[in-house]
Amino acid sequence: MRLFVALLPPPEAVQQLGALVDRARALPGAGQLRWTERPGWHFTLAFLGEVDDALVPAVEARLAPAARDHAPFTLRIAGGGRFGDRALWAGAAGGVDAVGRLAAGVEAAARDAGVPMEREHPYVPHLTLARGDGRTGLDPYAETLTGFVSSPWTVRELALVRSGRQPRYEVVAAWPLGPGK
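Residue positions are counted from 1 within each chain, in the order its sequence is given. Totals for whole chains, interfaces and linings use every residue, but because this is a predicted model, local features are given only for residues with pLDDT of at least 70 and side-chain atom pairs only at 80 or more, for both listing and counting. The side-chain numbers reported here are obtained from all heavy atoms of the structure, hydrogens and water having been left aside.

**Concerning the overall build of the protein chain**
Counting its secondary structure elements, the protein chain contains 4 helices and 9 strands. Put simply, DSSP H or I for four residues or longer makes a helix, DSSP E for two residues or longer makes a strand, and each gets a number counted from the N terminus. When the helices and strands of the protein chain are placed in sequence order, the string is β-α-β-β-α-β-β-α-β-α-β-β-β. Principal-axis analysis of the C-alpha atoms gives the protein chain an extent of 45 × 30 × 30 Å. In this scheme, a residue with accessible area under 20% of its type's maximum is buried, one over 50% is exposed, and one in between is partly exposed, where area comes from a 1.4 Å probe on protein chains only. With 181 residues in all, the protein chain has 46% of them scored as buried. Any two residues whose heavy atoms approach within 4.5 Å are treated as being in contact. Nonlocal contacts in the protein chain, meaning residues at least 24 apart in sequence, comprise 77% of its contacts between residues at least 6 apart. Reported accessibility uses the Shrake-Rupley method at a 1.4 Å probe radius. Residues are deemed covered only where the shown protein chains occlude them. As displayed, the protein chain offers around 9300 Å² of accessible surface, 50% of which is attributable to carbon and sulfur atoms. In this tally, Lys and Arg are treated as positive and Asp and Glu as negative; His is ignored, and so are the chain termini. The atom standing in for a charge is NZ when the residue is Lys, CZ when it is Arg, CG when it is Asp and CD when it is Glu. Taken together, the 20 basic and 19 acidic charged side chains of the protein chain have centroids lying 3 Å from each other.

**Quick look at the side chain of His42**
By secondary structure assignment, the location of His42 is in the loop between strand S2 (34–35) and strand S3 (43–50). Within the structure, the side chain of His42 is placed 3.0 Å from the side chain of Thr44, a separation counted as a polar contact. With residues up to four places along the chain from it excluded, the contact list for His42 reads Phe4, Ala6, Leu7, Leu8, Pro9, His126, Leu127, Thr128 and Tyr169. Polar contact is defined as a pair of N or O atoms within 3.5 Å, subject to the rule that within protein one atom must be able to donate a hydrogen and the other to accept it, and that residues adjacent in sequence are counted only when both atoms are side-chain atoms.

**Let's talk about the pattern of salt bridges**
Salt bridges are defined by distance alone: a side-chain nitrogen of Lys or Arg within 4 Å of a carboxyl oxygen of Asp or Glu. Evaluated as defined, the whole model comprises 6 salt bridges. For the salt bridge of Arg111 with Glu107, the shortest nitrogen-to-oxygen distance reads 4.0 Å. Pair noted here: Arg111 and Glu107 are both in helix H3 (residues 96–112), with a separation of 4 residues, about one helical turn. We classify Arg111 as partly exposed; its relative accessible area is 43%. Of the charged contacts in the structure, one is a salt bridge between Asp133 and Arg135, with a shortest N-O distance of 2.5 Å. Each of Arg82, Asp85 and Asp139 takes part in salt bridges that share partners, so that together they form one network.

**Details of H3**
A helix is expected to span 1.5 Å for every residue after the first. Counted at 1.5 Å a residue, the expected span for H3 with its 17 residues is 24 Å, and the 24 Å between its end C-alpha atoms agrees. Listed in full, the buried residues belonging to H3 are Ala98, Val99, Leu102, Ala103, Gly105, Val106, Glu107, Ala109 and Ala110. Among the residues trailing H3, Gly114 stands out with phi positive, at a value near 105°.

Scope: geometric values only; no functional claims are made or implied.
Structure below.
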């Protein structure tokens, strides 16, 4: 199955960002982009790719302690940008360093479980809003995100998510951050 590990923003933050994205989707040329839907908005910590069903229990067994090794932290959706003219994204503020440490821990856990992990670029916490084919300039859409900051929330868990089916994303398992529980 195709898996990734993510942080899921709460409904209030999704609603706040959604109002801004609705304005961006009304801009000229927005129909040329493939917009992600609100229920699928997430901050990917690690993309695992196609994982054999037999390997999933080992992945889950290693993600649980990885979650316990990281205390809950505060995060906000903030600002945004683009990766070339291929992806429009919203960024993060607050516990950005904590997100980076958690992403590194998740990647190590997945690698220890036998999932080959290859990262082409340094980790940047982001929530993908739209994808383009490289022919539509994303600057006007990225500019709509300037100055945006959602309400803060406490990140308390990480989720293992399956993609590519209906619903588009499905939480397979989730673990609380920090000791206890």
